[in-house]
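Structural features, examined
The chain contents come next:
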Amino acid sequence: MASTLKGEKTIPTRHAYGETLVELGKLNDRVVVFEADISKSTQTYRFAEAFPDRFFNVGVAEQNMMAMAAGAAICGKIAFVSTYAVFGSMRACEQMRTSVAYPKLNVNIAVSHAGLTAYDDGVTHQAIEDLGIVRSIPNMTVVQPCDAPSTRKAVMAAAKIDGPVYLRLTRIGMPILYDAGPDFEIGKAIRLRRGNDVTIVAIGDMVFQALDAAEQLAIEGIGVDLLDMHTIKPLDQEALLESVMRTGAVVTAEDHNVVGGLGSAVAETLGEHRPTPMTRIGLQDTFAESGAYDDLLRHYGMDARHIIEAARKVMGRKK
Amino acid sequence: MLREKEHDIEKLHEIARQLRIDSLRMIHRAGGGHPGGSLSAADLVTALYFHEMNLCPQEPDWPDRDRFIMSKGHGCPVLYAALARLGYFDRSHLETLRKFGSILQGHPDMRKTPGLDSTSGSLGQGLSVGLGMALMGLRDQKPYRVFVMLGCGELDEGQIWEAAMSGAKFRVANLTAIVDYNRLQLDGTNDQVMPLEPLDDKWRSFGWNALRIDGHDMRAILDALHRAAAHDQGPTVIIAKTIKGKGVSFMEDQLNWHGVAPSTEQLEIALAELDP
């Protein structure tokens, strides 16, 4: 069992996805779900039970699944495909790119086991490259909500977007951050703390490490401007630039390789619009290994302590 | 208004001949493209678009229309020629194939070309897309059928066989795959590059109704399409033996005519053969 933060009640965001699919299925009969033999894990079994005639299990064949969903979307369906992030973004990558993204079809690619949340499954099931890959494909919207309530809103919003959405989900439980449900809008960062000393931009499960770091930094008198950048594409440049204009230093935190993902997206924006000292927290271009989630975060330099160190250091580089 | 179906075999032959001429002219003008696979598929495309399929060119998105996917997307010139002839767009566009700003891309783009049911051309994906369409049709009790044309070299792709298994599982009797079996792929014959036989046994063992025909015998093509329609137990594959470059003597069965445009002189000789 993965240990989670502070023993709070937690929910894997894949569970929120599975539950929301059923809700969505009731609201809209154009919603169809494709699955590749891991419905108990991706939680699409809930939809399968509720709407067996709109659920299609294609077996362990993600490439076929992705392109079948394209066919369904061409016929006016709102298609969801579910698998693990490793397979959704890489095994079926070119199907996603050519059959889904190129014709801009309403195929929503909901993938679990983001990054180290796959913990003891090891490297084969830890997607650490997917954000970079998917983000580089035109027409894609790329989202990783941090908790169950925001996942619910992201799923609902994805169905309405006329084009493909990549929805990155966690294997392990996440605390509830947005109790009443956040004011969630795809493409709009959520400011979790306001501060003027350093900006921390986090995505997905790393939002909780960043929150932890921000609280500890506050004790030292360091004001953190903390953004939950749940949508990595399109990136909320406005919120990012407004923040760094005040703070002049930024740390990014993602459960992903620092190459290609959130850190890269933020660096691209800042490099073009407002060069700012920054540090990227994430896997430092290395594969990880099996282990408990917390142990992996600590070992690979991604826990709150490392974010705190990074924040202090980057503040020292302010011009 | 439904497009009137052509039943006269001679007239269908004549249409196929025109599509071959249009294809070669287009590829010549574009200075690039795939003549061999366009000519080999011309009779099959003619049978589908001018006889078998329920179409409404005035309303390309008519929900109950039959669908066609040129999964071997490099054969699109002959499909574009058919669509233009049916009035999906003006014939003048044929001259713009592969040119900047054209509605006719080098491989099919459903967002640019009226009448295209799918984007295609990355080999191996079209059968899955067609299967998704057919499955939705079954689920929604729609009357339409879905046709997917596959290249023989395309059958090397693993995804084809994923889709084949799924097609049998979901019993999509409204799905018909057609293999343009010209036996030549880019680097050589199927036997040299990746042997496919026994091909009908392969499809049958995957749960498909498999028919083997001469893909240039119009009566045989129409008969196979009718038999596919009558088969209600699952999907059908029509393995149509064809000749790459069919209709132009110096292109027939020639590997090097897979992906090069004819010169002006070669075009003239080809057109003289096709238009005696």
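Residues numbered from 1 in each chain as written. Chains lettered and ligands numbered in written order. Predicted model: local features only at pLDDT ≥ 70, side-chain atom pairs only at ≥ 80, totals over all residues. Heavy atoms only, no water.

Residue and element names in this part refer to chain A. Domain boundaries in chain A define domain 1 (10–175) and domain 2 (190–315). On a C-alpha basis, the centroid separation for the pair domain 1 and domain 2 is 25 Å. Both faces combined, the contact of domain 1 with domain 2 buries some 2400 Å², and carbon together with sulfur accounts for 64% of it. Three residues, Leu116, Ile128 and Arg135, lead the burial of domain 1 against domain 2; their summed loss comes to 32% of the area buried on that side. Our count for the domain 1 to domain 2 interface comes out at one salt bridge. Residue arginine 135 is joined to glutamate 268 by a salt bridge in which the shortest nitrogen-to-oxygen separation is 2.9 Å. On the surface where domain 1 and domain 2 come into contact, there are 19 residue pairs in polar contact (both at pLDDT 80 or more). Element by element, the count of residues in the side of domain 1 that touches domain 2 is highest for helix 7 (residues 130–135), at four residues. Taken together, the residues that form the side of domain 1 that touches domain 2 break down as 17 nonpolar, eight polar and seven charged. (Domains from an automatic or database assignment. Buried area = accessible area lost by both parts, 1.4 Å probe. Salt bridge = Lys/Arg side-chain N within 4 Å of Asp/Glu carboxyl O. Polar contact = N/O pair within 3.5 Å; in protein donor to acceptor, adjacent residues only side chain to side chain. Helix = DSSP H or I, 4+ residues; strand = E, 2+ residues; numbered from the N terminus. Nonpolar A, V, L, I, M, F, W, Y, C, P; charged D, E, K, R; others polar.)

Now for unusual backbone geometry. In the segment running from Lys233(A) into Pro234(A), the intervening peptide bond is cis, with an omega of 0 degrees. In this chain, Glu197(B) is followed by Pro198(B) through a cis amide linkage whose omega measures 0 degrees. The topology assignment puts Pro198(B) in the loop between helix 6 (190–193) and helix 7 (199–205). Here Lys104(A), not a glycine, exhibits a phi torsion of approximately 55 degrees, which is positive. Topologically, Lys104(A) is positioned in the loop between helix 6 (93–101) and strand 5 (107–112). A positive phi angle, near 60 degrees, is found at Asp253(B), a position not held by glycine. The topology assignment puts Asp253(B) in the loop between strand 7 (236–241) and helix 9 (264–274). Judged by relative accessible area, which is 40%, Asp253(B) ranks as partly exposed. (Buried < 20%, exposed > 50% of the residue type's maximum accessible area, 1.4 Å probe, protein only.)

Residues spaced three or four apart along an α-helix point in a common direction, a consequence of the helix completing one turn every 3.6 residues. Residue and element names in this part refer to chain A. With 13 residues, helix 8 (residues 148–160) extends 19 Å between its outermost C-alpha atoms, agreeing within 8% with the 18 Å of an ideal straight helix rising 1.5 Å per residue. Looking at helix 8, one finds that the buried residues are Ala148, Pro149, Ser150, Thr151, Ala154, Val155, Met156, Ala158 and Ala159. Looking at the buried positions of helix 8, the neighbouring elements they touch are strand 1 (10–12), helix 1 (13–27), strand 4 (78–84), strand 5, strand 6 (141–143) and strand 7 (165–168). (Expected span 1.5 Å × (residues − 1). Contact = heavy atoms within 4.5 Å.)

Glancing now at the confidence of the model for chain A. On average, residues of chain A score 96 in pLDDT, and 97% of them are at 70 or above. With pLDDT under 50 throughout, residues 1–5 of chain A is counted as low confidence; its partners more than four residues away or in other chains account for eleven contacts. (pLDDT = per-residue confidence, 0-100.)

A word on the packing of aromatic side chains. Residue and element names in this part refer to chain A. Evaluation of the coordinates by the stated rule reveals ten aromatic pairs over all chains. Their ring planes at 45 degrees and their centres at 6.2 Å tell us that tyrosine 17 and phenylalanine 80 sit as a pair that is tilted. In this pair, tyrosine 17 is assigned in helix 1 and phenylalanine 80 in strand 4, connecting sequence segments 63 residues apart. Judged by relative accessible area, which is 1%, tyrosine 17 ranks as buried. (Phe/Tyr/Trp six-rings, centres within 6.5 Å; stacked < 30°, edge-to-face > 60°.)

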